[in-house]
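Topology and contacts: notes
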Amino acid sequence: MSTATRIYKGLSRRERAGWIIGLTPVQAFVCVGLAVPVILALAAGRFGQALALGGLCGAAAALVVVPVRGRPALHWLGHLLLYRVGIALGWSRWQSRAVTGQATDLDEPDLPGVLARLRFPDGPPLRDVGRVCLIHDTGEGRWGATARLTHAGVGMLSDAQCERLANRLGNLLLSIGHREVIDRMSLLVRTVPDDGADYQAWRTEHDVPDAPALARQAAAELDRLVGAVSVRHEVFVTLSGTEDALRRPATAAGGGVAGRAAVLYRVLDGLEDKLRSLGATGVKWLSGPELAVAIRTGFNPATAAGLAARRHQAGGDAGVRWATAGPVHAPAPSARAYLHDGFATVSYSVLMPEAGTVFGSLGGLLAVKTAGERRSLAIHYETLSQHRSRKAVRRLRFRTGVVRDWKSSKGFNSGAAEAREASGARAQEHAVAAGHGIVRFAVATAVTIPDTWNVEDHAARLENDIAGRFQLLRMELAQDAGFVAAVLPLGVGLPRLRGGES
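**Details of the overall build of the protein chain**
When helices and strands are tallied, the protein chain shows 14 helices and 18 strands. Relative to its length of 502 residues, the protein chain is compact, with a C-alpha radius of gyration of 26 Å against a globular reference of 23 Å. The principal-axis extent of the C-alpha atoms belonging to the protein chain is close to 100 × 55 × 55 Å. Within the protein chain, the proportion of its 502 residues that are buried is 39%. Relative to all contacts within the protein chain whose residues are 6 or more apart in sequence, the contacts with residues 24 or more apart total 77%.

Below you can see the structure in the form of structure tokens.
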């Protein structure tokens with residue numbers, strides 16, 4: 001039985017499209033303000049002065065209006081100025097307190113950059129899985145928890161199986177949208193250079209002393225040929241909700257960290273089955289030491305082998321203390337890469353194609369080409385409430401309608417892109433009216449290599465792997481924040497809606 005491939009379209013639409021020839025109200029106001037001196041000079045007959053003012057004001061307007069790799073030129077100048085000031089004053093240099101002998105409490109997190117605003121209190125025991133580590137983002141006022149998923153991936157699935165998973169992912173996001181406590185879900189997949197420690201431990205436990213010599217020789221040959229380039233995949237999911245949504249039910253549940261944990265646990269319990277329906281054979285909510293391991297191996301992939309060996313020796317999970325979860329040393333990041341613990345990471349924002357994409361097409365970003373390289377991919381979803389969804393689609397439909405009617409009244413024809421946007425706005429409004437929701441999303445990817453390698457070569461390979469399907473926007477001047485969004489399973493990475501509430 002054949003199954004039509006679902007194509008996701010309209011994913012490249014700007015969250016806040018400009019009303020006036022694509023300009024935001026602020027940009028339009030600035031442009032009008034810059035035009036006033038020129039008009040006054042022309043009205044006074046000072047044509048030479050008007051010409052000079054026109055050049056100056058035109059250049060200033062270009063700085064405000066013309067986007068360069070996703071940001072207006074004026075924003076680039078402001079960000080570059082802050083970046084240089086941060087380096088000059090030493091804001092961006094970081095060193096672990098544990099290394100310098102200044103750590104007084106090994107259970108106190110000591111993390112650089114945007115991670116410094118996060119707190120990791122332990123919640124009460126969840127059923128028989130033990131205590132779960134809560135992630136409190138004091139900057140955005142959010143509470144969440146992270147689970148490690150055991151998943152075989154989607155690379156070998158048929159179109160029909162991918163279609164079923166796509167439907168189930170949609171149902172999961174719709175289910176989150178109908179809950180009042182959480183509104184964000186972050187899926188993160190990263191490869192782990194496999195040094196064979198787990199396999200060797202398994203071989204030691206299952207070794208058969210009287211195995212034939214030829215079988216042993218064949219197994220050793222396979223280990224030598226395949227083991228050197230093999231990788232494993234780690235899959236994490238982080239669910240979080242706002243403090244505003246949690247405060248009232250948490251107060252009823254006793255308040256404090258325990259109250260917020262109790263409210264979150266009710267939701268996590270209800271979503272485990274939906275995560276398993278996506279193909280996850282195991283869902284393990286992480287405790288504090290386990291989440292610290294995920295952060296530690298994110299900064300330093302080479303520690304994964306040592307921690308795995310400790311886990312095998314201990315006969316279970318062996319975590320790390322929070323004071324040692326971060327990097328030992330992180331120098332001031334360059335504009336195009338982030339250096340941490342002897343590794344370099346280049347992070348990108350993934351822009352969706354106008355023609356649309358299919359389920360599983362992002363898998364190419366995780367195709368490791370060189371042993372020792374690590375690839376990461378994170379997709380951050382935020383479901384809008386029905387009220388915000390209706391408001392957003394009404395605004396979009398109104399704007400497209402006004403622009404189309406104005407052009408018709410002036411005798412202009414609407415372009416194909418405008419007609420497609422108008423029809424998409426109507427379809428979206430009908431879908432929301434029928435009970436569907438709207439999801440904001442952001443996709444980030446990263447490649448990590450030892451800092452002695454040529455980082456630009458590996459960044460170029462990542463860009464080439466996805467060329468023609470997606471556009472990668474390098475997070476220049478913000479590589480440290482990009483690393484957190486793309487590599488660490490903490491649910492940080494979806495920017496706030498510009499202008500506040502939608």
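**Some thoughts on helix H9 (residues 288–299)**
The end-to-end C-alpha distance of H9 is 17 Å, a good match for the 16 Å that 12 residues give at a rise of 1.5 Å each. Those residues of H9 lying buried are Gly 288, Glu 290, Leu 291, Ala 292, Val 293, Ala 294, Ile 295, Arg 296, Thr 297, Gly 298 and Phe 299.

**Topic: the packing of helix H4 (residues 159–177) against helix H8 (residues 256–277)**
Contact geometry of H4 with H8 gives a least axis separation of 9 Å together with a crossing angle of 165 degrees. Classed by the angle they form, the pair H4 and H8 counts as roughly antiparallel. Here H4 and H8 pass one another in a crossing that is left-handed. Here Leu 165, Arg 168, Leu 172, Ser 175 and Ile 176 of H4 come into contact with H8, specifically with Leu 271, Lys 274, Leu 275 and Ser 277. When grouped by side-chain class, the residues that make up the contact of H4 with H8 number five nonpolar, two polar and two charged.

**Regarding the environment of Leu 264**
Within the element layout of this structure, Leu 264 appears in helix H8. Residue classification places Leu 264 among the buried residues on the basis of a relative accessible area of 1%. C-alpha of Leu 264 to C-alpha of Val 181: the two residues are 83 residues apart in sequence and 7.3 Å apart in space. Those residues in contact with Leu 264 that sit more than four places away from it in its chain are Leu 134, Trp 143, Gly 144, Val 181, Ile 182 and Leu 246.

**Points about the nonpolar core**
Counting residues in hydrophobic clusters, the biggest one holds 51 residues, and the most contacted among them are Ile 182, Met 185, Leu 239, Trp 285, Val 350, Leu 362 and Leu 365. Ranked by residues supplied to this core, first place goes to H8 with eight residues. In this structure, Ile 295, Met 475, Phe 483 and Ala 486 belong to the second largest nonpolar core, which totals 34 residues.

**Notes on unusual backbone geometry**
One non-glycine residue, Asp 341, lies in positive phi territory at about 55 degrees. On the basis of relative accessible area, Asp 341 is assigned to the buried category, the value being 15%.

**Concerning the side chain of Arg 374**
Summarising the element assignment, Arg 374 is placed in strand S16 (residues 374–383). One buried charge, Arg 374, has no salt-bridge partner; the nearest side chain with opposite charge is Glu 234, at 6.4 Å. At 2.7 Å, the side chain of Arg 374 and the backbone oxygen of Gly 298 are in polar contact. In this structure Arg 374 touches Thr 191, Thr 297, Gly 298, Pro 301, Ala 446, Val 447, Thr 448, Phe 483 and Val 487, once residues within four positions along its chain are discounted.

**Quick word on H8**
Counted at 1.5 Å a residue, the expected span for H8 with its 22 residues is 32 Å, and the 33 Å between its end C-alpha atoms agrees. Within H8, the full set of buried residues consists of Gly 259, Arg 260, Ala 261, Val 263, Leu 264, Tyr 265, Val 267, Leu 268, Leu 271, Glu 272 and Leu 275. Directly after H8, the chain includes Gly 279, whose backbone phi takes a positive value near 105 degrees.

**What to know about the packing of helix H11 (residues 386–409) against helix H12 (residues 416–433)**
Two elements in contact, H11 and H12, have axes whose closest approach is 9 Å; the angle formed by their N-to-C orientations is 150 degrees. Considering the angle they form, H11 stands roughly antiparallel to H12. Like other packed secondary-structure pairs, H11 and H12 cross with a definite hand, here left-handed. Contacts between H11 and H12 pair Gln 386, Ser 389, Arg 390, Val 393, Arg 394, Leu 396, Arg 397, Arg 399, Thr 400, Val 403, Arg 404 and Lys 407 from the former with Glu 418, Glu 421, Ala 422, Ala 425, Arg 426, Gln 428, Glu 429 and Val 432 from the latter. Partitioning the contact of H11 with H12 into residue classes produces six nonpolar, four polar and 10 charged.

Criteria and thresholds
Residues numbered from 1 in each chain as written. Predicted model: local features only at pLDDT ≥ 70, side-chain atom pairs only at ≥ 80, totals over all residues. Heavy atoms only, no water. Helix = DSSP H or I, 4+ residues; strand = E, 2+ residues; numbered from the N terminus. Rg over C-alpha atoms; globule rule 2.2 N^0.38 Å. Buried < 20%, exposed > 50% of the residue type's maximum accessible area, 1.4 Å probe, protein only. Contact = heavy atoms within 4.5 Å. Expected span 1.5 Å × (residues − 1). Axes fitted to C-alpha atoms, helices over the stretch in contact; angles between N-to-C directions. Parallel < 35°, antiparallel > 145°, perpendicular 65-115°, else oblique. Left-handed = near helix turned anticlockwise from the far one by under 90°. Nonpolar A, V, L, I, M, F, W, Y, C, P; charged D, E, K, R; others polar. Core = buried A, V, L, I, M, F, W, Y, C linked by side-chain atoms within 4.5 Å. Lys, Arg positive; Asp, Glu negative; His and termini not counted. Salt bridge = Lys/Arg side-chain N within 4 Å of Asp/Glu carboxyl O. Polar contact = N/O pair within 3.5 Å; in protein donor to acceptor, adjacent residues only side chain to side chain.

Function-wise, these values are silent; they only describe arrangement.
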